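This is what each chain is made of:
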Amino acid sequence: MTEIRAELEGRTLKITNLDKVLYPVTGTTKAEVLDYYLRIAPVLLPHLEGRAVTRIRWPHGVGGESFFEKNRPAGAPSWLHTVSVPTTGSRTAEGKAGELRFPIVDGAPALAYLVNLASLELHVHQWWVDEDGEVQPPDRLVIDLDPGPDVGLMQCAEVALLVRGALAERDLTSWPVTSGSKGLHLYAPLDGSLDSDDASDLAREVAEQLQSAHPKLLTATMTKARRHGKVFLDWSQNAGSKTTVSPYSLRGTERPQVATPRTWAEIEAGADDEFGLEQCTFTEVLARVEEHGDLFLS
């Protein structure tokens, strides 16, 4: 195992296997992945700030096995900040509710440390924590537009416009993000007056309203058998225990694609043209940010 020591913003990092190929189809190495994350950090880090980060790791690249990691990694440096969050899904030997110790990515060193562990995907909750580590209400709503079999981005874009309208009826302004995988995510800022259950109820209300109005185009039902030819509006990611891939995160897809903030003009073009909207690679995202800056919630 090759290893180097690197200094980054006053922190010493042990970086390993920079020549390891993490995306075999494109030959993209860990060095290129690290370079992307450090170059995108100025726009990525503000959207991770104060949020517990769940990682999906691919130790042997996207052609191998992956696993979710929520807790602080074993052997993490003392400067990696964490937040302890009670969870009913984790139990002690005595049967009591346990805690998860999520890392907080508060700067480039923390980001580089996690990415060096082949954490290609960074997922976050819609809630955040304050400086004292106290969990705060969600500050945004998310609806995941997940295409069923035989459904592409064109239909997702068409549905996104309907969701935008339904949210606008509730005085919520929304921002689109192509997920980097198959579909789209729509985000709407919240004022802190709703808890996670309320936000889930609101997202479900929107999804079921649109399902009733456009039953051949989309569904709010989680049953996979009912998704054929439709876009599934996944409202459940607003639950306190659920996470969504962060804007600007890489995905564990065949090519190094990224969850990419888009303009509504791009979504409108995608709804009119089968080839008008595609998922972006990390090189394309870097070029977009250089040209347009951060389009997410801006």
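That block above? That's the structure.
Now for a quick tour of the structure. Note that this is a predicted model, so its numbers are computed, not measured.

For the rest of this paragraph, the subject is the state of the cysteines. In the structure shown here, the tally under the stated rule is zero disulfides. The closest cysteine sulfur to the non-disulfide-bonded C156 is located on C280, 15 Å from its own sulfur.

The next point concerns the sheet that holds strand β12 (residues 140-147). With respect to topology, six strands assemble into an open sheet ordered β15-β16-β12-β14-β13-β19, the strand pairing being mixed. Looking at which strands have only one partner, the edges of the open sheet turn out to be β15 (218-219) and β19 (260-261). Note that strand β13 (residues 175-178) and strand β14 (residues 184-189) share four bridges and pair antiparallel. Bridging from a neighbouring strand, T178 pairs with L184 of β14. Running at roughly 40° to β12, helix α4 (residues 196-213) makes contact with β12, β15 and β16 (231-234) of the sheet.

Where like charges cluster on the molecular surface, the negative patch consists of D195, D197, D198 and D201. Here D195 lies in the loop between β14 and α4.

This part covers the environment of A213. Secondary-structure assignment places A213 in helix α4. A residue is classified by how much of its surface remains accessible, and A213, at 52% relative accessible area, is exposed. C-alpha separation for the pair A213 and L44, spaced 169 residues apart in sequence, amounts to 36 Å.

Moving on, we get to the sheet that holds strand β6 (residues 67-69). Pairing is antiparallel across the open sheet formed by four strands, whose spatial order is β6-β5-β9-β17. Edge strands, defined here as strands with exactly one partner in the open sheet, are β6 and β17 (244-245). Packed on one face of the sheet, helix α1 (residues 30-48) meets β5 (53-57) and β9 (119-124) and runs near 5° to β9.

This next bit is on empty space enclosed by the protein. Summary: where empty space remains is shown by rolling a probe the size of a single water molecule over the atoms. For the structure on display, the rule yields one cavity of 30 Å³ or more. Of the pockets and cavities examined, the largest cavity occupies roughly 50 Å³. Lining the largest cavity are Y248, T260, P261, V285, R288, V289, G293, D294 and L295. Classifying every residue of the lining of the largest cavity gives five nonpolar, two polar and two charged.

Moving on, we come to unusual backbone geometry. With a phi close to 50°, E9 is a non-glycine residue in the positive phi region. Look at D171: it is not a glycine, yet its phi comes out positive at around 65°. Its place among the elements puts D171 in the loop between α3 (153-168) and β13.

Turning our attention to the environment of T223. Structurally, T223 is set in the loop between β15 and β16. Sequence separation between T223 and E49 is 174 residues; the distance between their C-alpha atoms is 34 Å.

Of all nine residues making up helix α2 (residues 108-116), nine are buried, and the element is well covered by its neighbours. With its phi angle positive at about 65°, A118 sits one or two positions after the end of α2.

We now examine the pairing of β12. Successive side chains on a regular strand alternate, one facing one side of the sheet and the next facing the other. In terms of burial, β12 is a largely internal element, seven of the eight residues being buried. Relative to β14, β12 runs antiparallel, the two being bridged by six bridges. Following the sheet pairing, L141 is matched in β14 by A188. Two strands pair when backbone bridges link them, and β12 and β16 are joined in this way by four bridges, in the antiparallel orientation. Note on β16: the bridge partner recorded for D146 is F232.

Take the packing of aromatic side chains next. Enumeration over the complete set of coordinates arrives at three aromatic pairs. Where Y36 meets F282, the ring centres are 5.7 Å apart and the plane angle is 70°; that geometry is what we call edge-to-face. Of this pair, Y36 sits in helix α1 while F282 is found in helix α6 (residues 282-292), placing the two residues 246 residues apart along the sequence. Assessed through its relative accessible area of 10%, F282 is described here as buried. Seen in terms of ring centroids, Y187 and F296 are 4.9 Å apart; in terms of plane orientation they differ by 85°. Their pairing is edge-to-face. Here Y187, found in strand β14, pairs with F296, found in the segment after α6; they are 109 residues apart in sequence, far enough to count as distant.

Quick notes on the rules
- Residues numbered from 1 in each chain as written.
- Predicted model: local features only at pLDDT ≥ 70, side-chain atom pairs only at ≥ 80, totals over all residues.
- Heavy atoms only, no water.
- Disulfide = S-S within 2.5 Å.
- Pairing = 2+ DSSP bridges.
- Helix = DSSP H or I, 4+ residues; strand = E, 2+ residues; numbered from the N terminus.
- Contact = heavy atoms within 4.5 Å.
- Axes fitted to C-alpha atoms, helices over the stretch in contact; angles between N-to-C directions.
- Patch = residues over 30% accessible without salt bridge, like charges linked within 9 Å, V, L, I, M, F, W, Y side chains within 5 Å.
- Areas by Shrake-Rupley, 256 points an atom, 1.4 Å probe, with all protein chains shown as cover.
- Salt bridge = Lys/Arg side-chain N within 4 Å of Asp/Glu carboxyl O.
- Lys, Arg positive; Asp, Glu negative; His and termini not counted.
- Charge placed at Lys NZ, Arg CZ, Asp CG, Glu CD.
- Buried < 20%, exposed > 50% of the residue type's maximum accessible area, 1.4 Å probe, protein only.
- 1 Å grid on protein atoms, 1.4 Å probe; cavity = no way out; pocket = protein on both sides within 12 Å on 5 of 7 lines; lining within 4 Å.
- Points joined across faces, edges and corners; volume = space filled by probe spheres on them.
- Nonpolar A, V, L, I, M, F, W, Y, C, P; charged D, E, K, R; others polar.
- Phe/Tyr/Trp six-rings, centres within 6.5 Å; stacked < 30°, edge-to-face > 60°.

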